[in-house]
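Letter by letter, the chains look like this.
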Amino acid sequence: MRLDFSVAVHSLLYLDENRPRKIASRELATSLQLNAVMIRNILSVLHKQGYIEGSVGKNGGYQLIRDLADINVGELYDLTIPPTISYARFITGDSKGAKVSDSTDISANISQTLTDLFTLADDDYRRFYHQFTMTDLKRDLHSHGYFRQLIHRQQANGMSEN
C-alpha cells in the first residue's frame, strides 16, 4: 500500500502542532523519516484541496489553514488512496482480459473474483474512516485506545436502541 495517506495524516498533525509557524518540507521529511520530494508531492495535493497553504523561498514553508475538526479522515483517505490502488497489487492470475476458454479455469477467473471481494472490503474500510475527523486522530495520538473506546460506545448505543 502506498504511504500517501500516512504522509498526509502525519503532515497535517505536525502542521497543527506547530501552528502558526511555517514548516519547511525538509523538517516534515525529518519527522516522517521520508524523502522531502515525496512529502512535497503529498503537500501539493493537500494545498490544491485547500487543507494547507505554502510558499517557497528562504522564509517559505507550509501551514495548516483548516481546523482538524473540519478535516474528515475518510475524505483524506479517498484523496490519497484511490480505490484501485489499495488492493490492485494483491491480485494474481490473468489480469490482461484474455478470452476465457474454460469458465472453471482459476487463473482466468481469480482476478475478477478477488477484485469483487477487495472492492467490497475497500468500501467498508472507506465507510469506517469517514466516521472520524483529524481531531479524533489527534486524541488517539495522545491517548492510545481512544478509537476503540469510541467504537465500543457507538456499538453499545446501537444495541441499546434496538
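Residues numbered from 1 in each chain as written. Predicted model: local features only at pLDDT ≥ 70, side-chain atom pairs only at ≥ 80, totals over all residues. Heavy atoms only, no water.

Student: Would you explain the packing of aromatic side chains in this entry?
Tutor: Aromatic rings considered in pairs are described by the distance between their centres and by the relative angle of their planes. Following the criterion strictly, the structure yields 9 aromatic pairs and no others. Ring geometry for Phe 5 versus Tyr 129: centroids 5.2 Å apart, planes at 20°, classification stacked. In this pair, Phe 5 is assigned in helix H1 (residues 4–17) and Tyr 129 in helix H5 (residues 106–129), connecting sequence segments 124 residues apart. Ring centres of Tyr 125 and Tyr 129 lie 5.0 Å apart, and the angle between their planes is 45°; this geometry places the pair in the tilted category. With a gap of 4 residues between them, Tyr 125 and Tyr 129 both fall in helix H5, about one helical turn apart. Judged by its relative accessible area of 38%, Tyr 125 is partly exposed. Exposure remark for Tyr 129: the relative accessible area of 16% places this residue in the buried category. (Phe/Tyr/Trp six-rings, centres within 6.5 Å; stacked < 30°, edge-to-face > 60°. Helix = DSSP H or I, 4+ residues; strand = E, 2+ residues; numbered from the N terminus. Buried < 20%, exposed > 50% of the residue type's maximum accessible area, 1.4 Å probe, protein only.)

Student: Would you mind going over helix H3 (residues 36–48) with me for this structure?
Tutor: With 13 residues, H3 extends 18 Å from end C-alpha to end C-alpha; this agrees with the ideal 18 Å at 1.5 Å per step. Taken as a whole, H3 has its buried residues at Ala 36, Ile 39, Ile 42, Leu 43 and Leu 46. Along the axis of H3, the buried residues cluster in a sector spanning 125°; they form a single face. Among the structural elements, H1, helix H2 (25–32), strand S1 (52–55), strand S2 (61–64) and helix H4 (73–80) are those in contact with the buried residues of H3. (Expected span 1.5 Å × (residues − 1). Arc of directions from axis to C-beta. Contact = heavy atoms within 4.5 Å.)

Student: Explain the pattern of salt bridges to me, please; I cannot follow it from the model alone.
Tutor: Two side chains bearing opposite charge may form a pair once their charged atoms approach each other closely. One pass over the structure, following the stated rule, counts 8 salt bridges. For Arg 21, the salt bridge identified is with Glu 27, shortest N-O distance 2.8 Å. For Arg 21, a relative accessible area of 42% gives the class partly exposed. Connected through shared salt-bridge partners, Asp 16, Glu 17, Arg 19 and Lys 138 make up one network. (Salt bridge = Lys/Arg side-chain N within 4 Å of Asp/Glu carboxyl O.)

Student: Explain the nonpolar core here, please?
Tutor: In terms of nonpolar packing, the biggest core is built from 33 residues, with Phe 5, Leu 12, Leu 46, Ile 52, Ile 71, Leu 76 and Met 134 touching the most fellow members. The set of elements that each furnish at least two residues to this core consists of H1, H2, H3, S2, H4, helix H6 (134–142) and helix H7 (146–161). Looking at this core element by element, the count peaks at 7 residues for H1. Leu 76 has contacts with Phe 5, Ala 8, Val 9, Leu 12, Leu 46, Tyr 51, Ile 71 and Met 134, leaving out every residue within four places of it along the chain. (Core = buried A, V, L, I, M, F, W, Y, C linked by side-chain atoms within 4.5 Å.)

Student: How do you make sense of the side chain of Asp 16 when you look at a structure like this?
Tutor: Positionally, Asp 16 belongs in helix H1. Side-chain polar atoms of Asp 16 contact the side chain of Lys 138, separated by 2.7 Å. Each residue touching Asp 16, except ones within four places of it in the same chain, is listed here: Leu 64, Leu 68 and Lys 138. (Polar contact = N/O pair within 3.5 Å; in protein donor to acceptor, adjacent residues only side chain to side chain.)

Student: For this particular structure, what's the right way to read the environment of Phe 118?
Tutor: Residue placement: Phe 118 occurs in helix H5. Considered as a pair, Phe 118 and Pro 83 are 35 residues apart in the sequence and their alpha carbons are 9.5 Å apart.

Student: Sorry, what's going on with the environment of Thr 133 here?
Tutor: Inspection of the secondary structure puts Thr 133 in the loop between H5 and H6. In sequence terms Thr 133 and Asn 72 are 61 residues apart; their C-alpha atoms lie 4.3 Å from each other. Apart from the residues lying within four places of it in its own chain, the contact partners of Thr 133 are Leu 68, Ala 69, Ile 71, Asn 72 and Val 73. At 3.2 Å, the side chain of Thr 133 and the backbone nitrogen of Thr 135 are in polar contact.

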